[in-house]
Amino acid sequence: MRGLSEKIAGIVPSATIEISNAAKRMAQEGIDVISLSIGEPDFDTPGHIRDACIDALRRGETHYAPSSGIPELKEAIAAKVARENGFAAAPEEVIVTCGAKDAIYEAMEAVLNPADEVIVLDPSWVSYEPCVRIAGGEVRHHPLDGETFQIDDSVLEAVTTRTRMIVVNSPSNPSGGVLSRESLRLVADICRDHDIIALSDEIYEKLVYGAEHVSLASIDGMADRTITVNGFSKAYAMTGWRIGYAVAPQRIVRQMEKVQQHTVSHPTTFAMYGAVAALSGDQGCVEQMRSEFERRRDYIVGALRDLGYATAPADGAFYAYVRVDGDDIEIARRWLREVHVAVTPGTAFHTPGWLRISYATSMEHLREAMDRIGRV
Ligand code: PMP
Ligand code: GLU
């Protein structure tokens, strides 16, 4: 039999998903495993959002929708961006996608030509590099500052004549760091000077703890060359709904829409009505979840420090990024084997020597996990 795609064979599975699958298998076998491996809110989607989706189903919103998303949702997203993110966008500059992940992938397909380079700043989320490579581009990794997790002048060293895109992610998965306005200005300067497009993944924008979230597209001249990616999974606890979006110049959105038309067609029609309710309804639910995450953040960072672990600045998202002595993959395996606590090794984020602990789980689980970690 002939071989399968070498391009896909060369891509590693998603570590975040694989480890969480392994933890689920252990739980099915009756092992009392605590999974701090996946980044998924433990809350259910707020009731008014679920009701709006159920109403849509009852009304018969079960047909194909426009391929870039229902007009109501695109208008709500354009209005949200103007209201909250400090830049203007028309509904034609919005595309609704099957989760933020799909927006990232479609953006890569829309922009990259073979051998184009994409700068990815490490530690970086597990799916950026695979999305670039599936789309035929090449990744150039560059480290963020190891103490502050900010961007410094050294990023210029990663720019070549083939650089087409830079990916920024703030608040960051996995570090929990929030990029300062100065860091984003540096990115903006480089993009303008070298004609580079930025992909700004802002899916954790609502989950900040004292830090200010700044949208890259709000910086002078950047709306024209930024693809802002966002979604409903984290802020509204809607991971299973698979609704995300991108806001970008129309020439890029048009290219993304072609990818969408020929692959997934569009996100699920009735789910998009839930997303409209999320944006237009009372935002109290977002603040409630954010403040609970903050409480957990305060607890876990303190508990880790008490155990002698240093963490990256945990100013946003719901991850504590923990420095470890030794082989992170081995340590993660040992924690899982010996005390049944699942975490993700930093190697998966291109930074060996760290572990990512997701605190999107109950206080009770976090306390128990910290007790167990204290024992190994
Ligand atoms: N970007 C980052 C940084 C993430 O952590 C995630 C989590 N899955 C995504 C994008 C994709 O989110 P979604 O569920 O909307 O596809
Ligand atoms: N983004 C989350 C994580 O990093 C969910 C899993 C995934 O899509 O990677 O754990």
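Notes on the structure follow. (Residues numbered from 1 in each chain as written. Chains lettered and ligands numbered in written order. Predicted model: local features only at pLDDT ≥ 70, side-chain atom pairs only at ≥ 80, totals over all residues. Heavy atoms only, no water.)

1. Description of the overall build of the chain
Quick note on the threshold: Strands here are runs of E lasting at least two residues and helices are runs of H or I lasting at least four, both read from the DSSP assignment and numbered beginning at the N terminus. Per-residue accessibility, obtained with a 1.4 Å probe over protein chains only, is compared with the maximum for each type, and a residue is labelled buried under 20%, exposed over 50%, and partly exposed between these values. When checking whether two residues touch, look at their non-hydrogen atoms; a contact exists if any pair is within 4.5 Å. Residue exposure ignores everything except the shown protein chains as possible cover, and the areas themselves are Shrake-Rupley values with a 1.4 Å probe. Positive charges are assigned to Lys and Arg, negative charges to Asp and Glu, while His and the chain termini are left out of the count. All charge positions are set by atom: Lys at NZ, Arg at CZ, Asp at CG, Glu at CD.
If you tally the helices and strands in the chain, you get 12 helices and 12 strands. Over its C-alpha atoms, taken along the principal directions, the chain stretches across nearly 55 × 55 × 55 Å. Every one of the 376 residues in the chain was classed for burial, and the buried ones make up 57%. Excluding contacts between residues fewer than 6 apart, the proportion of contacts in the chain whose partners are at least 24 apart in sequence is 76%. Here the chain displays about 16,200 Å² of accessible surface, and carbon together with sulfur accounts for 49% of that area. Mean positive and mean negative side-chain charge positions of the chain (38 and 54 charges, respectively) differ by 3 Å.

2. Thoughts on the site of ligand 2
This is how it is decided: Whether a residue is near a molecule or strand depends on its heavy atoms: it is near if one of them lies within 4 Å of it. Counted as a polar contact is a pair of N or O atoms within 3.5 Å, where, for protein atoms, one must be capable of donating a hydrogen and the other of accepting one, and residues adjacent in sequence contribute only when both atoms are in side chains. When residue character is reported, Ala, Val, Leu, Ile, Met, Phe, Trp, Tyr, Cys and Pro are called nonpolar, Asp, Glu, Lys and Arg charged, and the others, Gly included, polar.
Around ligand 2, the neighbouring residues are Ser14, Thr16, Ile38, Gly39, Lys101, Trp125, Val126, Asn173, Lys234, Tyr319 and Arg356. Within the contact set of ligand 2, an oxygen atom lies 2.7 Å away from a side-chain nitrogen or oxygen of Thr16. Residue Lys234 places a side-chain N or O atom 3.4 Å away from a nitrogen atom belonging to ligand 2. When the residues that make up the shell around ligand 2 are grouped by side-chain class, the tally is four nonpolar, four polar and three charged.

3. Re the sheet that holds strand β3 (residues 117-122)
This is how the line gets drawn: In short, DSSP must find at least two bridges between two strands for them to pair. Angular values range over 0 to 180 degrees, each being the angle between N-to-C directions of two axes fitted as lines to C-alpha atoms, with helices fitted over their stretch in contact.
The sheet built from seven strands is open, its strands ordered β2-β8-β7-β6-β5-β3-β4 with mixed pairing. The open sheet has two edge strands with one neighbour each: β2 (94-97) and β4 (138-143). Sheet twist, expressed as the mean angle between neighbouring strand axes with direction ignored, is 20°. Where strand β5 (residues 163-169) and strand β6 (residues 197-201) come together, five bridges link them in parallel fashion. Along β6, the bridge assignment pairs Ile166 with Ala198. Relative to the sheet, helix α4 (residues 71-85) contacts β2, β7 (226-231) and β8 (244-247), its axis offset from that of β2 by approximately 120°. Lying on the sheet, helix α8 (residues 250-262) is in contact with β2, β6, β7 and β8; it crosses β2 at an angle near 25°.

4. Digging into the sheet that holds strand β11 (residues 344-345)
Spatially, β9-β12-β11 is the arrangement adopted by the three strands of the open sheet, whose pairing is antiparallel. Either end of the sheet is taken by a strand with one partner, and the two such strands are β9 (319-323) and β11. Where β9 lies against strand β12 (residues 354-358), five bridges are found, and the strand directions are antiparallel. Looking at β12, one finds that Val322 is bridged to Leu355. Sitting on the sheet, helix α11 (residues 328-339) is in contact with β11 and β12, with an inclination near 40° to β12.

5. A closer look at the nonpolar core
Quick note on the threshold: Take the buried Ala, Val, Leu, Ile, Met, Phe, Trp, Tyr and Cys residues and link them wherever side-chain atoms come within 4.5 Å; each set so joined is a nonpolar core.
Grouped together as the largest cluster of nonpolar side chains are 102 residues, with contacts concentrated most on Leu73, Met108, Ile227, Phe232, Tyr236 and Ile357. Apart from the residues lying within four places of it in its own chain, the contact partners of Tyr236 are Thr45, Pro46, Ile49, Ala278, Leu279, Gln283, Cys285, Val286 and Met289. Ranked by size, the runner-up nonpolar core spans 22 residues in total, among them Leu121, Val168, Val214 and Met222.

6. Notes on the side chain of Ser215
Checked against the element boundaries, Ser215 lands in the loop between β6 and β7. There is a polar contact of 2.9 Å between the side chain of Ser215 and the side chain of Asn85. Apart from the residues lying within four places of it in its own chain, the contact partners of Ser215 are Asn85, Phe87 and Glu202.

7. Topic: the side chain of His142
Here His142 lies in strand β4. In this structure His142 comes out as buried when scored by relative accessible area, which is 8%. Here Val155 takes part through its backbone nitrogen, which lies 3.4 Å from a polar atom of the side chain of His142.

8. Things to note about the packing of aromatic side chains
Our working definition: Two rings from Phe, Tyr or Trp (for Trp, the six-membered ring) form a pair when their centres are within 6.5 Å of each other. A pair whose planes differ by under 30 degrees is stacked, one over 60 is edge-to-face, and the rest are tilted. Here, over-ring charges are defined by two tests on the NZ atom of lysine or the CZ atom of arginine: distance to the ring centre within 6 Å, and angle to the ring normal within 35 degrees.
Counted under the stated rule, the structure contains 12 aromatic pairs. Ring centres of Phe43 and Phe293 lie 5.4 Å apart, and the angle between their planes is 65°; on these two criteria the pair is classed as edge-to-face. One end of the pair, Phe43, is in the loop between β1 (34-35) and α3 (47-59); the other, Phe293, is in helix α10 (residues 284-306), and 250 residues separate them in sequence. Pairing Tyr204 with Tyr319 gives two aromatic rings, centres 5.7 Å apart and planes at 80°, and the pair type is edge-to-face. With a gap of 115 residues between them, Tyr204 in the loop between β6 and β7 and Tyr319 in strand β9 connect regions that are remote in the sequence. Assigned by exposure class, Tyr204 and Tyr319 land together as buried. Ring pairing ties together the aromatic residues Phe43, Tyr204, Phe293, Phe318 and Tyr319, which thus form one cluster. Note that Arg59 overlies the ring of Tyr273, its terminal NZ or CZ placed 5.1 Å from the centroid.

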